[in-house]
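# Understanding the architecture of this molecule
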Amino acid sequence: MSMAVAGMLAGMALGFAGFFGGFGAFLLVAALGAIGFVLGRFVDGDLDPGDFFRPRDNRRR
């Protein structure tokens with residue numbers, strides 16, 4: 001599945017949540033989707049936990 005199709009499906013899910021459940025449901029679906037995305041990247045091995053804690057530049061001061 002391409003990223004465009006995955007983005008379209010996520011957008012449709014957020015749209016349905018916002019329409020039927022209101023803004024609170026929209027935020028809940030968006031937050032759970034983001035958490036699922038990050039966990040999926042960890043499982044695939046594309047993301048390391050240290051990526052969140054390392055500084056952007058590699059030089060030390």
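Everything that follows concerns the structure shown earlier in this document.
Quick caveat: nothing in here was measured; it's all calculated off a predicted structure.

### Describing the packing of aromatic side chains
Per the stated rule, a full pass over the model turns up 3 aromatic pairs. Ring centres of Phe16 and Phe20 lie 6.1 Å apart, and the angle between their planes is 10°; on these two criteria the pair is classed as stacked. Here Phe16 pairs with Phe20, and both are found in helix H1 (residues 3–44), just 4 residues apart, close to one helical turn. As far as burial versus exposure is concerned, Phe16 and Phe20 are alike and both exposed. Taking the centre distance of 4.9 Å and the plane angle of 85° together, the rings of Phe19 and Phe20 count as edge-to-face. Look at Phe20 and you get exposed, because its relative accessible area is 62%.

### As for a nonpolar patch on the surface
A contiguous nonpolar patch, built from Met1, Val5, Met8, Leu9, Met12, Phe16, Phe19 and Phe20 and spanning about 950 Å² of accessible area, is present on the exposed surface. The residue Met12 is located in helix H1 in this model. The partly exposed category is assigned to Met12, whose relative accessible area is 43%.

Definitions and limits used
Residues numbered from 1 in each chain as written. Predicted model: local features only at pLDDT ≥ 70, side-chain atom pairs only at ≥ 80, totals over all residues. Heavy atoms only, no water. Phe/Tyr/Trp six-rings, centres within 6.5 Å; stacked < 30°, edge-to-face > 60°. Helix = DSSP H or I, 4+ residues; strand = E, 2+ residues; numbered from the N terminus. Buried < 20%, exposed > 50% of the residue type's maximum accessible area, 1.4 Å probe, protein only. Patch = residues over 30% accessible without salt bridge, like charges linked within 9 Å, V, L, I, M, F, W, Y side chains within 5 Å. Areas by Shrake-Rupley, 256 points an atom, 1.4 Å probe, with all protein chains shown as cover. Salt bridge = Lys/Arg side-chain N within 4 Å of Asp/Glu carboxyl O.

Geometric values such as these leave the question of function open.
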